[in-house]
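Residue-level structure breakdown
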Amino acid sequence: MMEIFLSGQIALKPTLELIKDNEERLSGRFSSRFLDSVIKTTKERLKSLPDRDAIEDTLRVSEFISPLIYPVRGSILEGLWELGEEADTGFEINFLDIPILQETIEICEELDINPYELDSSGIYLIALSSGNASLAPDCPKTPYGLVYIGHTHSQRARILRLRNTVRYLDRC
């Protein structure tokens, strides 16, 4: 079994694009101060996304390497699918543990968009064998850390859990 971590927050770039492309609609619901704050925070988070080389170096120093997926183009759901394919396994992910700005959720709700389907370029999904997962804190620090979001299991099912609701991830 492997533990799955996420380094970075999902849907950062699309959040900026949604604000820019829907400024009139969003300004009817949110104050300009709120939107300016979201833009500032999102840009800061984008600048501080973790560096792949530093993460890989940390893992290599530990003398193990596990699937490391960098979803250059694609959503967190696509990245999770790729991780399952790469590791040839199923998994169980807790949606509430996936790092996302609350403001992104609110903007997406207003625009009737699923934030988990937005591009998440710049994030890393990292799968570490359970015995080595304690090394995860050694990975480069980010403002929001390396976050545990779930684990693999022996079945092929790719489960997304939100409280008491279970959803199975379809091929992306």
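Description of the structure in this document. (Residues numbered from 1 in each chain as written. Predicted model: local features only at pLDDT ≥ 70, side-chain atom pairs only at ≥ 80, totals over all residues. Heavy atoms only, no water.)

Overview of the nonpolar core
Counting 32 residues, the largest nonpolar core has I10, I76, L80, I98 and I107 as the members making the most contacts within it. Elements that contribute at least two residues to this core include exactly β1 (2-7), α1 (12-21), α3 (32-47), α5 (76-87), β3 (90-94), α6 (102-111) and β4 (124-129). Among the elements that take part in this core, α5 stands out by supplying five residues, more than any other. Grouped together as the second largest cluster of nonpolar side chains are five residues, F5, Y124, I126 and L128 included. (Core = buried A, V, L, I, M, F, W, Y, C linked by side-chain atoms within 4.5 Å. Buried < 20%, exposed > 50% of the residue type's maximum accessible area, 1.4 Å probe, protein only. Helix = DSSP H or I, 4+ residues; strand = E, 2+ residues; numbered from the N terminus.)

Quick notes on the side chain of T104
Note on placement: T104 falls in helix α6. Overall, T104 belongs to the buried group, its relative accessible area being 1%. When sequence neighbours within four positions are dropped, the list of residues in contact with T104 reads A11, T15 and P115. (Contact = heavy atoms within 4.5 Å.)

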